[in-house]
Each structure stands twice: as structure tokens, then as C-alpha cells.
Amino acid sequence: GAASSERHVVLLASPGAGHLIPLAELARRLVDHHGFAATLVTFTDLSSPEALSGVPACVATATLPSVKLDDLPAGTPMETVLFQLVHRSVPSLRALLRSVGAPLVALVPDFFCSAALPLAAELGVPGYVFVPSNLATIALMRVTLDLHEGVPQGEYRDLPETIELPGGVSLRRTDLPRSFQSSREPVYGHLVEEGRRYLRADGFLVNTFYEMEPAIVEEFKQAAERGALAPVFPVGPFVRPSTSSDDATGSTACIEWLDGQPTGSVVFVSFGSGGSLTVEQTAELAAGLEASGHRFLWVVRMPNLDDGNDHGDRGGKNPLAWLPEGFLERTKDKGLAVAAWAPQVRVLSHPATAVFVSHCGWNSALESVSAGVPMVAWPLYAEQRMNAVVLEGSVGVALRPRARERGEIAAVVKELMEGADKGRAVRRQAGDLQQAAARAWSPEGSSRRALEQVAAAWKKVTLAEVE
Ligand code: UDP
């Protein structure tokens, strides 16, 4: 047989840095720890051309050619465009898989690309779905699917008002990503289709780790033993390494400022790559931070101006100009506000950083956990509200303000910074999980062992004829 170094794994990332970065890290581990060759495939459409620049050198990359999407009516939801993109790219992916050279032993599409799974079956290799989010996401998929088992396509039922997840988390319907909330949502049907395709997966690789979501891991283990679902492997956290773009001048300013702050004194505020607050939320957050009396580093993005009010063009394109009048001046000894971007991984691991006000994007959550920083959960859209419930409820590393109002914001920031009761418990859990996250990748660690199991299965794959 061929040496294991010739065995090839192809990973497929849907557009968006939040999906690509963890998948690239998984690919690197497969190469570095398990001797596979790995190719990370992306799409031309909807992706930014620089997306692949941060992929580790040991991982090969390939880009699928552009497909025709201009027949989709204007206003087609983003998810629908995405599903169409993947669907229409299957032929070129098939061609690529047949030409990768070294024998293919596994195909790993991410959770938006499950339309590629039948190609794995066609080529006689295992197909594993990569989930860049938490286990609650697949649990939700299962609930949705169970509800529609046997229902003809096109006839969908609504989810119940609350969904109980293993680990004592109950999600209200309004906590779910919008497309899951009602069968009348335009994307709902796609989700059900996607869920049906998950049933054909040979396994799930999830960007979480055992100690973070133990109850759900156990539940999935039992489901796999019953044959209800393929095995689920928590193999994370895959956290974005600091890259050279983090060293841009704006970034240096953040780190230099943090260097001048006392240990454990700073509240870091950031809402990810796509999140924006309304002007009113911006004002409440500013007032809340100021009232907390704590130091802060705030990554300010352009506000969302579609709130039905007329804002004139007070700030133009400078996000900082949309902060409340006089705020920067009054807080100049306590806080730093930067426009648009900060080197988040470096900021979170800086000794001055104590608390993270976060939109609860899963990458941000894992970065925070890996740095031992507790969170104030401020979800904005997509699956963020669900993440917030999980992070506060079962994981125990976050607190949610009861309202997005200055008094509540100040109170929750103070509780996390100084609180002797709830705040202390959350801080302790953040510290414990940080250690668990570091251990997950040590030689006997949970994620390391889980990935070893997967690698062992792939090494047994009869080398497929892909010529
Ligand atoms: N990020 C960053 N600086 C910023 C904002 C975001 O480095 O000012 C990075 C962050 O570290 C994370 C990613 O961008 O790796 C955001 O991913 P996440 O899943 O948290 O949220 P999304 O942007 O997908 O909503």
C-alpha cells in the first residue's frame, strides 16, 4: 500500500472567513499530526480573494471556478444563494477530486456544503461534515429534521415554543437563527434538505471540545450507538493564529495601549466582522461602559442606520463619529475606541484584558475561552443568540444583560469584573475552561484523541481509484 503521507483529504469551505479559518486549522493538524496530504477547496463566488492567504503552507489550496448565479431573483436570501452556489459547483468539485493526484481517503465539506457529500459516496470514501459552530447547531438540525421525518417536501411544521437541549439548556424559538424559527421562512426548506443530507454523513467534526459541551457529546454518543446519527467528534477549539495582518499599524496601537493598562483591568468590546449596532444601542453601550467605571477597548463599527430614523450624515464613514457627543473626550483616560478592527486574538490573550463584550460569533467565543476571558453576551443575528444561551447556560462562561440599556450594561460589566457571586463563578469557569481547552490538544487530550480516532478510520480506507 501507499505510505500514509500520500493519503489525501479534501476539505471544502463555504465562503466566509469564519468558516475557512477553523477548517484550515483542522487541515493543518491532519497534515502535521497525522501525515495526510490536505487540500482546502474554496469557491470563487462570494469569497474574498485574500481569503486563502492565511492558510498554513503545509495545506494545499484550490479554488472552484465561478458558477452562474445571475438567474436568482434580486433579494434572494443569502443562504439560498449559498446553497445554489454549492449545488452548482458539484460538477467542478467532482473534476477536482478526480485530479488531486494522491489517493483520496476522505472528503470534508463544511456544514453549508453538504451537497458535496454524495461525491464521497460516489468515490467510495468517507464524507465527514465539518461544523465550525457548536454542538447545539447539530442538535437543532436533528430536532428540525425529526419534526419533518416522513413529511413530504414542501410541507413543513413549526418547531415548538421551546426546545430542550442536552445539558439543561432550553432554547426559546426566538433564540434560534431566524430561518429555523418558522416553516414560512424562505430558507427553512433548505435547512431541512441540508439536515436530510447530514444523515448520509459518515461523521461530524465539530469546532468545540468535550469539556465545553460534555452533556451534548454524551447524548450524541448514545445516538451514534443507536445508529440514529453518525458519530460526532469534538476536535476543536481551532482558534485563528495571530497573523501578520494583525501587526498592521492600527493593531499596534491597541497592543501598545493595552501594555500601558493594569493587569485584568480592561473590558474588550467587539462584534465580529459583520455585526453593527444601531445608533441607539451604541449610545446605551457607551453610557453603560462609562457608568461601569472600568477601562475599555472598543472596536467601533459603522452603525446600522436602517432603524427607521433619520440620522442625517452626522458621522459620514468614520465609525467613531457616531459615538455619543463628548464620550471620547470624557473617557480618554480610561478607554480606547478604534475604528472597525482590532487584532482580537492578541487582545484577548493580553494580560490587561479581563472581560469581552461579544456578539457571540463562535470563533470569538472559542478565542475568548482559549484566553480564559469571560463574556458579556450581546448577540446580534444568525446563530449568535443561540450561542449566547449556550455560553451562559450550559458552558457558564458568559452573562447576558437583561436589557440593552445603560444601567443593565453597567451592572453586568461590573458583575463580571468585580462580582463576588455570579461574576466570580463565571470568571472561575472561564479560567477552568481555558485550562481544559489547552489540555484538549495535549497528547492525551480529548480533541487530540478524537481526531486520532478519525485519522485511524481514514487510514483504513481502501485507497480509492481516483484516476
Ligand atoms: N476579528 C478580529 N478583529 C476584529 C473583529 C473580528 O480579529 O476587530 C476576528 C475574530 O478574532 C474572529 C473573527 O474575526 O476570529 C470573527 O469570527 P466570529 O465567528 O466570532 O464572528 P463573525 O465575524 O463570523 O460574525
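None of the values given here were measured: they were computed from a predicted structure. (Residues numbered from 1 in each chain as written. Predicted model: local features only at pLDDT ≥ 70, side-chain atom pairs only at ≥ 80, totals over all residues.)

> So what exactly am I meant to see when it comes to the overall build of the protein here?
Regarding its fold elements, the protein presents 16 helices and 15 strands. Scaling as 2.2 N^0.38, a compact globule of 467 residues should have a C-alpha radius of gyration of about 23 Å, and the protein matches this with 22 Å. With the C-alpha coordinates of the protein rotated into their principal frame, the extents come out at 70 × 50 × 40 Å. Scored against the burial criterion, the 467 residues of the protein give a buried share of 46%. (Helix = DSSP H or I, 4+ residues; strand = E, 2+ residues; numbered from the N terminus. Rg over C-alpha atoms; globule rule 2.2 N^0.38 Å. Buried ≥ 20, exposed ≤ 12 C-beta atoms within 10 Å, placed from the backbone.)

> Would you mind going over the nonpolar core with me for this structure?
Nonpolar side chains in soluble globular proteins tend to be buried together. Among the nonpolar cores identified, the biggest contains 141 residues, and Leu11, Phe204, Leu297 and Val376 are the most heavily contacted of them. Counting residues per element, this core draws most heavily on helix 1 (residues 17–34), at 7 residues. When neighbours within four sequence positions are excluded, Phe204 is seen to be in contact with Tyr128, Val129, Val131, Ile138, Ala230, Val232 and Phe233. (Core = buried A, V, L, I, M, F, W, Y, C linked by C-beta atoms within 7 Å. Contact = placed C-beta atoms within 7 Å.)

> Help me understand the site of the ligand in this model?
Looking at the ligand, there are 18 residues lining it, with Gly272, Gln344, Gly361, Asn363 and Ser364 nearest. Of all the secondary-structure elements, those providing two or more residues to the shell around the ligand are helix 11 (344–348) and helix 12 (362–371). Counting residues per element, the shell around the ligand draws most heavily on helix 12, at 4 residues. Split into classes, the residues belonging to the shell around the ligand amount to 6 nonpolar, 10 polar and 2 charged. (Near = placed C-beta within 6 Å. Nonpolar A, V, L, I, M, F, W, Y, C, P; charged D, E, K, R; others polar.)

> For this particular structure, what's the right way to read the environment of Asn363?
Along the chain, Asn363 turns up in helix 12. Among the residues examined, Asn363 registers 23 C-beta atoms within 10 Å and is labelled buried. C-alpha separation for the pair Asn363 and Met302, spaced 61 residues apart in sequence, amounts to 21 Å. Setting aside residues up to four positions removed in sequence, Asn363 forms contacts with Gly18, Ile21, Pro22 and Arg240.

> How should I be thinking about the environment of Glu213 in this particular structure?
Position of Glu213 among the secondary structure elements: in the loop between strand 8 (203–206) and helix 7 (214–225). With 25 C-beta atoms counted inside 10 Å, the residue Glu213 sits in the buried group. Once the C-alpha coordinates of Glu213 and Gly361 are considered, the two residues, 148 residues apart in sequence, prove to be 16 Å apart. Here Glu213 is in contact with Asn134, Leu135, Gly167, Thr208 and Ser394, once residues within four sequence places are set aside.

> Could you clarify how one ought to interpret the sheet that holds strand 8 in this entry?
Note on sheets: strands pair through backbone hydrogen bonds, and any given pair is parallel or antiparallel. Pairing is parallel across the open sheet formed by 3 strands, whose spatial order is 5-8-9. Looking at which strands have only one partner, the edges of the open sheet turn out to be strand 5 (128–131) and strand 9 (232–234). Direction aside, neighbouring strands of the sheet carry axes that sit 20 degrees apart on average. Direction of pairing for strand 8 relative to strand 9: parallel, over a ladder of 3 bridges. Bridged to Phe204 within strand 9 is Val232. (Pairing = 2+ DSSP bridges. Axes fitted to C-alpha atoms, helices over the stretch in contact; angles between N-to-C directions.)

> Which parts of the structure should I look at to understand the packing of helix 9 (residues 279–292) against helix 14 (residues 406–418)?
The description of two packed helices rests on the angle between their axes and on the distance between the axes. Taken N-terminus to C-terminus, the directions of helix 9 and helix 14 make an angle of 45 degrees; their axes are 7 Å apart at the nearest point. The pairing of helix 9 with helix 14 is recorded here as oblique in orientation. Between helix 9 and helix 14 the crossing geometry is right-handed. The residues of helix 14 that touch helix 9, namely those facing Glu284, Leu285, Ala287, Gly288, Leu289, Ala291 and Ser292, are Arg406, Ile409, Ala410, Val413 and Lys414. (Parallel < 35°, antiparallel > 145°, perpendicular 65-115°, else oblique. Left-handed = near helix turned anticlockwise from the far one by under 90°.)

> Looking at this model, I keep getting lost on helix 12. Mind explaining?
Note that an α-helix has 3.6 residues per turn; residues three or four places apart therefore point the same way. With 10 of its 10 residues buried, helix 12 lies for the most part within the structure. Within two residues after helix 12, Gly372 carries a phi angle of roughly 70 degrees, on the positive side.

> Is there a simple way to think about the sheet that holds strand 15 (residues 398–399) in this case?
What the 6 strands build is an open sheet, ordered 12-11-10-13-14-15; its pairing is parallel. Each edge of the open sheet is held by one strand with a lone partner, namely strand 12 (335–339) and strand 15. Two elements, strand 14 (residues 375–377) and strand 15, share 2 bridges in a ladder whose sense is parallel. Paired with Met375 across the strands is Ala398, a residue of strand 15.

> Can you help me understand the environment of Gly372 in this one?
By the element assignment, Gly372 lies in the loop between helix 12 and strand 14. By the C-beta count within 10 Å, which is 21 here, Gly372 ends up buried. Separated by 55 residues in sequence, Gly372 and Arg427 place their C-alpha atoms 8.1 Å apart. Among all residues touching Gly372, those that are not within four sequence positions of it are Ala430, Gly431 and Gln434.

> Explain unusual backbone geometry to me, please; I cannot follow it from the model alone.
Outside of glycine, negative phi angles account for most residues, and trans bonds account for most peptide bonds. The linkage connecting Gly236 with the following residue, Pro237, adopts the cis geometry, with an omega of 0 degrees. For Leu46, which is not a glycine, the phi torsion comes out positive at approximately 65 degrees. Position of Leu46 among the secondary structure elements: in the loop between strand 2 (37–43) and strand 3 (60–64). One non-glycine residue with positive phi stands out, namely Ala340, at about 75 degrees.

> Any chance you could explain the confidence of the model for the protein here in plain terms?
Atomic detail in the predicted coordinates should be set aside for any region of low pLDDT. Per-residue confidence for the protein gives a mean pLDDT of 91; residues scoring 70 or more make up 94%. A low-confidence stretch, residues 1–5 stays under pLDDT 50, and its non-local contacts, those more than four residues away or across chains, total 8 contacts. (pLDDT = per-residue confidence, 0-100.)

> Would you mind going over the packing of helix 4 (residues 135–148) against helix 6 (residues 188–198) with me for this structure?
Close contact between helix 4 and helix 6 brings their axes to 9 Å; oriented N to C, the two are set at 100 degrees. As judged from the angle between their axes, helix 4 and helix 6 are roughly perpendicular. Two secondary-structure elements touch here, helix 4 through Met141, Thr144, Leu145 and His148 and helix 6 through Leu191, Val192, Gly195, Arg196 and Tyr198. When its residues are assigned to classes, the contact of helix 4 with helix 6 shows 5 nonpolar, 3 polar and 1 charged.

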